[in-house]
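Working through the structure, step by step
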Amino acid sequence: MRFDILTLFPEMLSAFLNASIIKRAQEKGILTIQTTNIRDFAENKHNRVDDAPFGGGMGMLMQAGPIVRAYESIAGGLEYKPHVIYLSPQGTPFCQSRAKELADDYQHLVLLCGHYEGIDQRAIDSIVDEEISLGDFVLTGGEIAAAAVVDAVSRLIPGVLSDEECYLEESHSKGLLEYPQYTRPRDFRGMTVPEVLLNGNHAEIAKWKREQAIRITFQKRPELLKNYCPQDSFEKKILDSLNKENE
Ligand SMILES: C[S@@+](CC[C@H](N)C(=O)[O-])C[C@H]1O[C@@H](n2cnc3c(N)ncnc32)[C@H](O)[C@@H]1O
């Protein structure tokens, strides 16, 4: 999978790109991630890439020219059009199912990071296929959002995580939050690990995990359960009893 990130501040991304799982996946050749500095595509002697908005208003806007030229430096020689995502507070809120679709449907994503007051609409109209938001709040730039998208998509690409099981049971992968987890020691300041996790009975452990996932989702994010279809009579029983308890 290839990611190209168009940004005015590549240094904001370098720590993220050069650490942990994302770094290892690049070393293994599973991911190729490049940042392109939009400022390199300015065409004036001070390398300016922003200007005041027409019609007035606060702050400065990133100009269309440098952004589109930066994009063309990546896509110009390709025989296909990479999928271009503008990270924007006006975009569709990002979620696990969109991360999965992006991982499955595309080989090459271009992520465009705005800054200041945002970017000239004509850059969006020229190259952007989709706008994604990290949530209903405003960041100073799209870099943190781009890092979040790269991270969430990358870990769904085969080989990036050491064990695919890592994400199959995770929060949001099947519409539920994950069950609580414990590691050594067995007793931490008088708080002990649930006995069922220690007895080696895999069927019982799997049942416990499913029940806990439903209970935790009910407590923390009950709205997720509105779209959740119980997998069998066991899950239906748990949901019915939780609903009854809360009537
Ligand atoms: C200060 S914001 C511009 C906000 C813009 N004036 C508006 O009101 O819609 C600067 C840049 O940060 C990024 N950004 C801000 N909030 C974001 C969010 N919630 N999700 C993704 N990107 C965001 C975008 O790339 C945006 O161009």
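Everything numeric in this text was worked out from a predicted model, so none of it was measured. Numbering of residues starts from 1 in each chain and follows the order in which that chain's sequence is written. At least 70 in pLDDT is required for a residue's local features to be given in this predicted model, at least 80 for side-chain atom pairs to be given and counted, and no such filter applies to totals for whole chains, interfaces and linings, which use all residues. Based on all heavy atoms of the structure, the side-chain values leave hydrogens and waters out of the count.

1. Regarding the domain arrangement of the protein
Put simply, an interface is often sized by how much accessible area is lost when its parts join up. These domain boundaries are the output of an automatic or database domain assignment. Assigned domains of the protein: these are domain 1 (2-154) and domain 2 (171-245). Centre-to-centre, using C-alpha coordinates, domain 1 lies 38 Å away from domain 2.

2. Description of the nonpolar core
Core analysis: the biggest nonpolar cluster contains 31 residues, and F3, L31, L111 and V153 have the highest contact counts within it. A helix here means a DSSP run of H or I that spans at least four residues, while a strand means a run of E at least two residues long, and both kinds are numbered starting from the N terminus. Per element, the largest residue contribution to this core is seven residues, and it comes from helix α6 (residues 143-154). Beyond its immediate chain neighbours, meaning those up to four positions away, F3 contacts L31, T32, I33, Q34, L109, L111, V150, V153 and S154. For the purposes of this section, nonpolar cores are sets of buried Ala, Val, Leu, Ile, Met, Phe, Trp, Tyr and Cys residues that join through side-chain atoms within 4.5 Å. Burial here depends on accessible area, computed with a 1.4 Å probe over protein chains only, as a share of the maximum for the residue type. Under 20% is buried, over 50% is exposed, and the range in between is partly exposed. In terms of nonpolar packing, the next biggest core, distinct from the first, is built from 22 residues, L6, I67, Y86 and I119 among them. Residue contacts are counted whenever heavy atoms from the two residues lie within 4.5 Å of one another.

3. Points about the environment of V110
In this fold, V110 is placed in strand β6 (residues 108-113). V110 sits 61 residues away from S171 along the chain, and the two C-alpha atoms are 27 Å apart. Excluding residues within four positions of it along the chain, V110 makes contact with D4, L6, Y71, P82, H83, V84 and I85.

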